[in-house]
Every structure is written in structure tokens, then in C-alpha cells.
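# Remarks on the overall topology
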Amino acid sequence: MDDFLLRALLGGLGVALAAGPLGAFIVWRRMAYFGDTLAHSGLLGVALGMALQFNPQLGVAATCLLIAIALVLLQRQRVLATDTLLGILAHTSLSLGLVTLAFLETVRIDLTSYLFGDILAISPDDLYWIWGGAGLALAALARLWRPLLAATVHEELAQVEGVPVFTVRLAFMLLIAIVIAVAMKVVGILLITSLLIIPAATARRFARSPESMALLAGGLGCAAVGAGLWASWRWDTPAGPSVVVAAALLFLLGSLLPNRLRRTVWR
Amino acid sequence: MAVNPLPAPCASSPAEPLLTVENVNLAIRGNPILQAIHLQVSAGEIVTLIGPNGAGKSTLVRVVLGLIRPDSGQIRLKPGLRVGYMPQRLAIDDTLPLTVQRFITLGAPAPRERVRAILAEVGAAQVLDSPVQAISGGEFQRMLLARALLREPDLLVLDEPIQGVDLTGQYELYDLISHLRRQRGCGILMVSHELHLVMATTDQVLCLNRHVCCSGHPDQVASHPAYLELFGLDGARRLAIYHHHHNHRHDLHGAVVVEEEPHG
């Protein structure tokens, strides 16, 4: 196997392993559009990172977090619904990113690679970032698991039972920001949500517990990465989108399985 | 405020109430929601908040639980008090695979046998391993109650405990709550929107419409002018219809159960 293909595979697997379990929470909490909004703001992070000359991935994570906090603050006014606010934030930050990039005359970037990913160009350095970020996110999620699950089911009940729900919510947003930052290279900011949502949605039909759904989502994400890369190599299709199409095919396949089989596959 | 407390078999020293709410005021964006609220719950006592929609019942419950800070006034809990809370309207997303046993232990881990025992206590042992999305409204409320009881609470706070339950099931649940109070001797603060359903169960009623309109023993409240004004003569007449003695009741499956100790 070529080196660049191996790096692509390793990078994709790292992202999928973290995106699966985190995506399960995004599905349970109905935050798909929220994840999408944070991803859109990623380009602004890249632009700011380049303008201020620090690591673009840190820029992305920081911008995502700022947007998340902005949303929490904006939600306090109760005039505009959350989905309206998300729409405003998503497209404002994406456009602001594009405008900022235009001001950076000395920098020429390949916009497509940021929007749709450039998994075949993953460098060894990128791999450290991906596995470091994904590992950190997974370790934090494992520690956060019980209180986050309790708060996901009912925030006030969890709070009465002693869960610091505000801290937990903030930590969860931080994890999403980290995963978006590391996933950008693989599928790009416009497709990141699919890697969070589709494997988790596929896993739902086979899972009997929150844990099994999260683990299965990670596994299905990995399968999608493998299949997508193989298809991309075989038919010379764009790699990031191929991974997403593979994930969608797995979802379709899962939906078509008969009920009897579904119940016994995974416990 | 304890106008007419019934003697409670398991009550500890009645001297110190479990919960005291003193002169609580709360306004949300200039809109007064709670005004000069006083309230007390002692061990073994059931206090019911009734009132129309928007009367501030759930808000008062949230203030008592410490989820909302009042603008002024005091909430005093007996030191070391354990509170069990049963929230209103809990919808669990279909995408979350969760069994009843798992739901009950979300707040604190507990061995399976203990969860089974508490579910049996609330009459829902049969759903231990069912997905939470697949159980009936009555079973769901019992599951919530079981989670609150797992904490061995001194005070139970129940926000509309009969929501989504059919009429027979509603009496069943109130009987159960009454039974739990006798069995465990805990104090209970609950919210209901209709007095006639809780007449037999409750010791004290607070009729709430942003302020306490009237309070006291359910019989007193039912004939109080402020109550009649708030709920209208219709409500009062319905009360007369429903306030009668049952010589039997039905269990979750509809079978007739002979009453051991008559109430009414």
C-alpha cells in the first residue's frame, strides 16, 4: 500500500473512532444542526489561524468553541428560535471565513480541500494531530459519560441529582469542537456532520444500550472510511465524499435488514 | 401554615419541617410569577399545589429544588435532606436505546436486585428490562417514581405525577403515592391541576395563582370562595361528582382489586 494511502486510512480511522460515540450524543440530543453550524465556522478558524499565524487546527477548535458560547448566550434572549440562530451563525461564520481568506493576499489556499476534505494529503504531522485530538476527545467522553448521559435524558432531573449540567454541556461542546478540528482534513467542514450523524443513526437499529450504540457507531464509521477509501482508489472518486457515500450505503443496508436479524445482531 | 395536618404514622418529630418556603417572590422579565409564597412540608405529610395553567406551580417546584433562584425570600431544607424528584413531561428520544433498569440507575448506580425491588414497590416490576419507549404511560410514571425512590428520599417532589395516565390509572397512582407516604414516612410535595383527584390523598392543599389564593385541608379549600372563583362552579360541581367512595379499584391490567383499607 502506498504511504499516502496508509496515512489516509489511519487518519480516517482516528476521526471515525471519535466521531461515532460523540455523534451518538449529537443524535440523542437532536443537535445535528448545531454540529453543522460549528463545522461551518471552522473555515473562519482556518482563516484566523493563518492571519494570526498559529496552527489552523487550534484556530478551528477555538472558533468552534467561541461560536458555541455565542449560541448559548444568544439563546438567553427568547425572541428568535434556536434553529434561526444556528442558521445565522452558520452562514455568517462561513462567509466571514471566506472574506477573511480573501484579505490574506500572501496566502493561497485550496478552498475545496477545506470544504470537502483532503484525506489523501494527510501528512505524518496531521496524523499526530488527529490521533492526539481524537484520543483526547474519547478519553474525555469516557470520563464524562455518566453525567452527560443523565443530562441528555433530562437536564433538570440530572441537576437535582447532583450533575453539574452547565459544566457538562460546556465540556461536551468543547469535545465537538475538537473533533471538528481534527475531522476537517478528512471530510472537510461541509461534510463533517455526516461522519458524526450517519454511523450513529445506522447503529441505532442494532443497539440495545447507549454504550453499544456508541461503540457500534465508531465501528461503522471505520468501515465507511475503509470502504470509501477503497472506492476512491478503485474508481478515482474524491475521497472525502466517497467515505460519506459509503456511510450512507451502510445506513441504507442497515435499514433494509429484516427485524428478526436486527434484534439479535448486537446487544 | 400547617392548618390541619393529619397525624402521620411514620412521621419523625413533627417539630422541624422538611421544607420551609418563606415569602418567596419571583418575576421573569418584569412579569410576577410567584408572589409572597409561604409553604411548609413536614415528614409524612402530603402537600398538593393546585392551580390553573400558568399559575406558577412548576416554577415554584423548580424554586424549591434550587433550579431557579427566587428574587427574594427563603427556601430552607432540613439539614441532610435527601430529595427525590419526579419531573413533568419527560420525553426520551427514540434514538436512545435505554432500558427501564438503566434509566432508573442513571442518577446513581444500583444493583439490579435493588432496582427490581423498588420497581416492585411501585407495581411495575414487569418492565425492568423493557425499552423506555415501549412502556405505557402509567408504567412510565411508575418508573420515574422508582428513580426518585432509589435515592431513599426524605422528601418527594412530584410535578404532575399522573400525566399521560388514564383516569383509572390516575387513582391507582394517587393510591400508590398515599401508600408510599405511609410506608416510608417521607414528606411529599406534589403538583396537580385538579383538586378532585387528590382529595382523598392529600393533607394540605395550596391553591396557587401566582400567589396563594387559599390553603388548608382539601375539604376547606373545595368550599373556599377563592377556589370557587378560580375554578368556577363547574369545577366545584365536578368535585361533588368525583368525591365519592370506591369499594374497589383496578390494577394496571384492569383487574378488580379488593380495597384493604377503604378511603374517601
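All values reported here derive from a predicted model rather than from experimental measurement.

Turning next to the sheet that holds strand β4 (residues 72-77) of chain B. Residues and elements named next belong to chain B. Here three strands make up an open sheet; going across it, the order is β2-β1-β4 and the pairing antiparallel. What marks the edges here is a single partner per strand, and that holds for β2 (31-41) and β4. On average, each strand axis in the sheet is inclined to that of its neighbour by 20°, with strand direction left out of account. Alignment of strand β1 (residues 19-28) against β4, held across five bridges, turns out to be antiparallel. Counted as the bridge partner of Glu22 is Gln74 from β4.

What follows covers the environment of A:Ala207. Residue position: A:Ala207 is located in the loop between α10 (192-204) and α11 (210-235). Between the C-alpha atoms of A:Ala207 and A:Arg143, which are 64 residues apart in sequence, the distance is 21 Å.

It is worth spelling out the sheet that holds strand β6 (residues 155-159) of chain B at this point. Residue and element names in this part refer to chain B. Reading across from one edge, β5-β6-β7-β3-β8-β9 is the order of the six strands in this open sheet, with mixed pairing throughout. The outermost strands of the open sheet, each flanked by one partner alone, are β5 (83-86) and β9 (211-216). Averaged over all pairs of adjacent strands, the angle between strand axes in this sheet comes to 15°, irrespective of strand direction. In the sheet, strand β3 (residues 46-50) pairs with strand β8 (residues 204-209) via four bridges, with the strands oriented parallel. When the sheet's bridge partners are listed, Ile50 is paired in β8 with Cys207. The strands touched by helix α1 (residues 57-65) within the sheet are β3, β5, β6, β7 (187-191) and β8, with β6 carrying the most contacts at an inclination of about 150°. Across the face of the sheet, helix α4 (residues 137-149) comes into contact with β5 and β6 while running at roughly 165° to β5.

Moving on: the nonpolar core. Taken as a class, soluble globular proteins show a tendency for nonpolar side chains to be buried jointly. Residues and elements named next belong to chain A. Counting 166 residues, the largest nonpolar core has Leu22, Cys64, Ala177, Val179, Ile180 and Ala183 as the members making the most contacts within it. No other element matches the 15 residues that helix α9 (residues 165-187) contributes to this core. Those residues in contact with Leu22 that sit more than four places away from it in its chain are Ala137, Leu141, Leu175, Ile176, Val179 and Leu196.

All names here are of chain A. Spanning 22 residues, helix α5 (residues 82-103) covers 31 Å between terminal C-alpha atoms, matching the ideal 32 Å at 1.5 Å per step. Here α5 has its buried residues at Leu86, Leu89, Ser93, Leu94, Gly97 and Leu101. Looking straight down α5, one finds that the buried residues subtend no more than 115° of arc, so they occupy a single side. Opposite the buried face of α5, at more than 90 degrees from it, the exposed residues are Thr84, Val99, Ala102 and Phe103. At its buried positions, α5 is contacted by α2 (32-40), α3 (42-51) and α4 (56-74).

We now examine the confidence of the model for chain A. Per-residue pLDDT for chain A has a mean of 89; in total, 96% of the residues score no lower than 70. Element-level pLDDT for chain A is lowest in helix α13 (residues 259-265) of chain A, with a mean of 49, against a maximum mean of 96 in α11(A).

Our next topic: the pairing of β2(B). All names here are of chain B. Where β1 and β2 come together, seven bridges link them in antiparallel fashion. Directly across from Thr20, in β2, lies its bridge partner Gln40. Hairpin geometry of β1 and β2 is characterised by an intervening segment of two residues between the two adjacent antiparallel strands and by a positive phi of about 45° at Arg29.

Take the pairing of β3(B) next. Residue and element names in this part refer to chain B. With five of its five residues buried, β3 lies for the most part within the structure. A two-sided burial pattern is seen for β3, the buried positions comprising Ile46, Thr48 and Ile50 on one face and Val47 and Leu49 on the other. Sheet topology places β3 next to β7; four bridges connect them, and they run parallel. Along β7, the bridge assignment pairs Ile46 with Ile188.

Next up on the list: the interface of chain A and chain B. Across the contact, 18 residues belong to chain A and 15 residues belong to chain B. Elements that contribute at least two residues to the side of chain A that touches chain B include exactly α1 (3-28), α7 (124-153), α8 (155-160) and α11 of chain A. Considering every element that reaches the side of chain A that touches chain B, the biggest residue donor is α8(A), with four residues. Of the residues contributing to the side of chain A that touches chain B, the split by class is 10 nonpolar, three polar and five charged.

Right, let's talk about unusual backbone geometry for a bit. Residue and element names in this part refer to chain B. In this structure, Asn23 takes a positive phi of about 45° despite not being glycine. One can find Asn23 in strand β1. For Glu160, which is not a glycine, the phi torsion comes out positive at approximately 50°. Tracing the chain through its elements places Glu160 in the loop between β6 and α5 (167-184). For Glu160, a count of 20 C-beta atoms within 10 Å gives the class buried.

Criteria and cut-off values
Residues numbered from 1 in each chain as written. Chains lettered and ligands numbered in written order. Predicted model: local features only at pLDDT ≥ 70, side-chain atom pairs only at ≥ 80, totals over all residues. Pairing = 2+ DSSP bridges. Helix = DSSP H or I, 4+ residues; strand = E, 2+ residues; numbered from the N terminus. Axes fitted to C-alpha atoms, helices over the stretch in contact; angles between N-to-C directions. Contact = placed C-beta atoms within 7 Å. Core = buried A, V, L, I, M, F, W, Y, C linked by C-beta atoms within 7 Å. Buried ≥ 20, exposed ≤ 12 C-beta atoms within 10 Å, placed from the backbone. Expected span 1.5 Å × (residues − 1). Arc of directions from axis to C-beta. pLDDT = per-residue confidence, 0-100. Nonpolar A, V, L, I, M, F, W, Y, C, P; charged D, E, K, R; others polar.

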